Amino acid sequence: MKTYIDIPQYTTLNEITERNFTLSATQYKTFCIKNSNIKTVADFLERPLLRSDLGIEVGSDCYVDSSNYVFIKTKALQEESYLLNETKDATEYIKHQAFVSMNLKKGDIIISKDSNVGEIVILDKDYPNSMLCGGIYRLPIKKYKLYLLAFIKNDLFRQQIDFIVPRGSTIRHGKTKFLECKIPMPKTKGNDTIRYIELLMQAIINKEIAIREKHNSIINMIQQELTSNQKEITYTFSQPTLNEIMELDRMDSALYTEEFKNKQFLVHNYAHGYKTIKEMGFDISRGQNLQISNIGISIQTKEKKAGFYTLILPNFISKYGTVSQIEYLGNPNRLKTLKTGDIIFGAEGNEKGRSLVIFETSDKTITNIHGITLNHNSDDLTKSIFVKLFLDWYRANGMIDSYAVGGNGGSMAIKYWDFLKFPRFGDKIEKEIVSLYHSENKEYNPSQCNLDGFLNYDNTYNDKSGIHEIDTSMKQLQSKLDDAIAKIADDIEVSCTF
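Residues numbered from 1 in each chain as written. Predicted model: local features only at pLDDT ≥ 70, side-chain atom pairs only at ≥ 80, totals over all residues. Heavy atoms only, no water.

Visitor: Explain the side chain of T322 to me, and be specific about the residues and the numbers.
Guide: When you line up the elements, T322 lands in the loop between β14 (309-311) and β15 (327-330). Within polar-contact distance, the side chain of T322 engages the side chain of S318 at 2.6 Å. (Helix = DSSP H or I, 4+ residues; strand = E, 2+ residues; numbered from the N terminus. Polar contact = N/O pair within 3.5 Å; in protein donor to acceptor, adjacent residues only side chain to side chain.)

Visitor: Can you break down the nonpolar core residue by residue, with the values?
Guide: Within the largest apolar cluster, 127 residues are counted, with the highest numbers of intra-cluster contacts made by L139, F178, L374, F390, W393 and W417. Of all the elements, helix α4 (residues 190-228) adds the most residues to this core, at 15 residues. Those residues in contact with L374 that sit more than four places away from it in its chain are I277, F282, D283, I284, G341, D342, I343, V387, L391 and W417. Judged by nonpolar contacts, the second largest core, of 22 residues, contains Y69, A76, I94 and L104. (Core = buried A, V, L, I, M, F, W, Y, C linked by side-chain atoms within 4.5 Å. Buried < 20%, exposed > 50% of the residue type's maximum accessible area, 1.4 Å probe, protein only. Contact = heavy atoms within 4.5 Å.)

Visitor: Report on the pattern of salt bridges, specifying residues and quantitative values.
Guide: Here the structure, examined in full by the defined rule, presents 20 salt bridges. For E493, the salt bridge is made with K189, and the minimal N-O distance between the two is 3.5 Å. With E493 in the segment after α12 (467-489) and K189 in the loop between β10 (182-184) and α4, this pair connects stretches of sequence that are 304 residues apart. Sharing partners across several salt bridges, the network here consists of K88, K352 and D401. (Salt bridge = Lys/Arg side-chain N within 4 Å of Asp/Glu carboxyl O.)

Visitor: Quick one: what's the story with the state of the cysteines, residue by residue and with numbers?
Guide: Enumeration according to the criterion identifies zero disulfides in this entry. C449 provides the cysteine sulfur closest to C496, a residue in no disulfide bond, and the two sulfurs are 14 Å apart. (Disulfide = S-S within 2.5 Å.)

Visitor: A description of helix α2 (residues 145-152) should follow, citing residues and the corresponding values.
Guide: Given 3.6 residues to a turn, an α-helix orients residues that are three or four positions apart in the same direction. Burial within α2 is extensive, with seven of its eight residues counted as buried. Regarding α2, the residues found buried are L146, Y147, L148, L149, A150, F151 and I152.

Visitor: Can you explain the packing of α4 against helix α10 (residues 427-435)? Please cite residues and give values.
Guide: With their axes 9 Å apart at the nearest point, α4 and α10 run at an angle of 160 degrees to one another. What the angle tells us is that α4 and α10 run roughly antiparallel. For the crossing formed where α4 meets α10, the hand is left-handed. Contacts between α4 and α10 involve I218, M221, I222 and E225 on the former and, on the latter, I429, E432 and I433. Of the residues assigned to the contact of α4 with α10, the class counts are five nonpolar, no polar and two charged. (Axes fitted to C-alpha atoms, helices over the stretch in contact; angles between N-to-C directions. Parallel < 35°, antiparallel > 145°, perpendicular 65-115°, else oblique. Left-handed = near helix turned anticlockwise from the far one by under 90°. Nonpolar A, V, L, I, M, F, W, Y, C, P; charged D, E, K, R; others polar.)

What follows is the structure in structure tokens.
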């Protein structure tokens, strides 16, 4: 990671005096880049921030189980995403009486001033019945909106905010200090370079939207196939019998509720039957135990190094089956590795139910003990992807949480996997569903595009590709964006090529 913060080895008495005798080390750090053509975040705003740009806090007594009105918390702004994260712990349904209309529109940029200070997203649609919490500002900005978004999401901004608003407290309160952060502007080919940055940013946003849309389509197609092909048996809810409880060997109530049984019935009553995970050709095991007591001392790093294992942790996996980051582990032992067609499944905590298919065989890819590994016994990659996608359906319907047991959100232990059934979809519908996640349209080469034709090419590629291919191309563009930002900071001319 490139460093933009200068940390002095020593200071002087005069400097200590100038800083009101503070001995906090963070107060002596400085932002240091070669480019002198600098604006602050505040310079991008059309006007100074007003109280009306800030969200409004509502008490937890206003939270309800269901409502047409939504309260957006700072957790909805996450580092790995340019879009709003609408998970159950990031938003709350609220009473109509507590709702304050903020007229949130597509294209609005919102930024957190508290907790995850400086985290920022752009709204990809209108949110007429949603309001922001008191820790989020909506920025009044029109010109160079995507340019600013790209830089605020970059380490160049994150490093600044970390010493402007020091870490250490339980909740960080940044007020409006993020406005002081510096944003370099290109000195040469200014208009083209800014446009290039904004085109890359728009393409990345479009890809993230496309991934979400295809994920929703997958869940909807599975639901449609299940509901359209039921046996001629009418579902009726009944309280659990003693035999049923003894067979499941579970006393927790989640598996016996009407809501859960109704969803489970769709799978068990599917006209063409179902299989267990083992009948689908998978062996189940835990990931590699990485504790020192098990494998000895290891070196873990974010930088790729020769001979190191590629480490994919469950908390690196998104709900869409993409990877937000990868780390590397140096260890001299022969560790438990993954092959093509294997699936990593998050078994615990917030990432419970998230899964990832391994696409390329490597003797150096591993996960940790918090992940379940489904080891496929054939070369049928389509079957592996289908299993992963049906696990997504289970998770989207809240059923993984019901199957899991224990504290801290529960654990989907190996012994509970016999509960999961996988319907025997026909080859045609199975391939249609799988194609939304993985297609044969692997070639992504926008190098011949100019500034005018790039977005058209990119959008066409997204339409024809699956989630895996879109995510791979998005990472390619993100790398170009990071490189361009680094060059602007170093006062180096950016080559506006794709």
